[in-house]
Amino acid sequence: STETTSAGTTSTETTSTGTTGTTSAGTTVTGTTETVTEPTGTTTPAQVTSVQCSILPDARELIVGIPQAGQLEDEQDREIFVTRVTRGNYSFGATTPGNSTLSLYDDQFRLVARDLRSGPGLSALIRSFFVSDEADFFVVVTGGNALDFIVFAEREVDDHGDSAADATLITLGVPTAGIIEDPSNSDFFNVTLPVGFFSFWARTYDLGDTILTIYDDQGEIIAEKGDGGPGLSAWIANLSIATAGEYTIEVNGQYGAMTVYNILVEEARIADDHGDSREAATSISVGHPAPGSLGD
């Protein structure tokens, strides 16, 4: 990076290949090599106090959940912020009335993600960026002349519970949307079922892959599957439920990719193999066994 000295001169440093993060589209963005030029004569922002960073000590502190206002003086200007985050998924954004670019760098100032106009209007937004460990990140806003902006970093809230104790209650026959945000995430659901046969779906609509696990009311696994449905969807078909009650479903992902899915539990459509009355009886021949099954 090029830093402005007290005399107004500049020195240039080329950044190197950096760390890897996961974006909202589920793709991996790897740090790229670029040269960043610091304009001379810009106003020095407030110095960071609680977040210590040796690379850009004059970067303004951005606390997660507390937006900061700023202004870009011209197209060559940039505003740099530093934020400390812990493990989890985060959104970084720059709300502006005009075109802006938001760039995210790791603690060595290596580019890990960048966005232009993915937010509302002309705003920039980096969604669902997964952070594996506590670290500092630099958030850099660039754009047009005399452009006011609001920059923020927010921790994303998980859409469903991570255990049976805080599972989301779902209804038989009604699909429920979910997202596996990162490799460590699991979503839990509870459903009340009568005695019978049921099918369980975790249907995906992207390249994500799901695993379905079904637990009884004692927390014992009664079924588990990672495929069986269309594409990479998980499908447990015709599972026999012998005792009416509440059952827990766990959905998690494979291969570390973000996964968008719908969870659905429905009664299995099993055709009766033989008649239920004398009039509908199946004809058999002596010496020729006829297989059969009792659905319920």
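About the cut-offs
Residues numbered from 1 in each chain as written. Predicted model: local features only at pLDDT ≥ 70, side-chain atom pairs only at ≥ 80, totals over all residues. Heavy atoms only, no water. Helix = DSSP H or I, 4+ residues; strand = E, 2+ residues; numbered from the N terminus. Buried < 20%, exposed > 50% of the residue type's maximum accessible area, 1.4 Å probe, protein only. Areas by Shrake-Rupley, 256 points an atom, 1.4 Å probe, with all protein chains shown as cover. Salt bridge = Lys/Arg side-chain N within 4 Å of Asp/Glu carboxyl O. Pairing = 2+ DSSP bridges. Axes fitted to C-alpha atoms, helices over the stretch in contact; angles between N-to-C directions. Core = buried A, V, L, I, M, F, W, Y, C linked by side-chain atoms within 4.5 Å. Contact = heavy atoms within 4.5 Å.

Draft legend 1. Representation of the overall build of the protein chain within the structure. A count of helical and extended segments in the protein chain gives zero helices and 22 strands. Split into buried and exposed, the 296 residues of the protein chain put 41% on the buried side. A total of about 15600 Å² of accessible surface is found on the protein chain, and carbon and sulfur atoms cover 50% of it.

Draft legend 2. Examining unusual backbone geometry more closely. A positive phi angle is found at F109, which is not glycine, with a value near 60 degrees. When you line up the elements, F109 lands in the loop between β9 (100–105) and β10 (111–116). Non-glycine residue N238 carries a positive phi angle of around 55 degrees. Secondary-structure assignment places N238 in strand β20 (residues 234–241).

Draft legend 3. Spatial organisation of the pattern of salt bridges. Scanning the entire structure with this criterion turns up three salt bridges. The salt bridge partner of R84 is D136, with a shortest N-O separation of 2.7 Å. Placement of R84 in strand β7 (residues 78–85) and of D136 in strand β12 (residues 135–143) is noted, with a sequence separation of 52 residues between them. Of the residues examined, D136 reaches a relative accessible area of 8% and is grouped as buried. Between R110 and D106 there is a salt bridge, with the nearest N and O atoms lying 3.0 Å from each other.

Draft legend 4. How the structure looks around the sheet that holds strand β6 (residues 68–72). Read from one edge to the other, the open sheet built from four strands follows the order β6-β13-β8-β11, with strand pairing classed as antiparallel. In this open sheet, the two edge strands, each paired with only one partner strand, are β6 and β11 (124–131). Going across the sheet, the axis of each strand differs from the next one's by a mean of 20 degrees, ignoring polarity. Of the strand pairs in this sheet, β6 and strand β13 (residues 147–155) are connected by five bridges, and their pairing is antiparallel. Bridge pairing in β13 links Q71 to D148.

Draft legend 5. A look at the pairing of β7. Judged by how many residues are buried, β7 sits mostly within the fold: seven of eight residues are covered. Relative to β12, β7 runs antiparallel, the two sharing eight bridges. From the neighbouring strand, F81 faces β12, where its bridge partner is V139.

Draft legend 6. Fine view of the nonpolar core. Counting residues in hydrophobic clusters, the biggest one holds 22 residues, and the most contacted among them are F92, L102, L104, F129, V139, V141 and V151. Put simply, the parts of the chain that give this core at least two residues each are β7, β8 (88–95), β9, β10, β11, β12 and β13. In contact with V139, not counting residues within four places along its chain, are L62, E79, I80, F81, T83, F92, L102, S103, L104 and V151. With 21 residues, the next largest nonpolar core counts L193, L212, A234 and I241 among its residues.

Any functional reading would require information beyond the geometric quantities listed.
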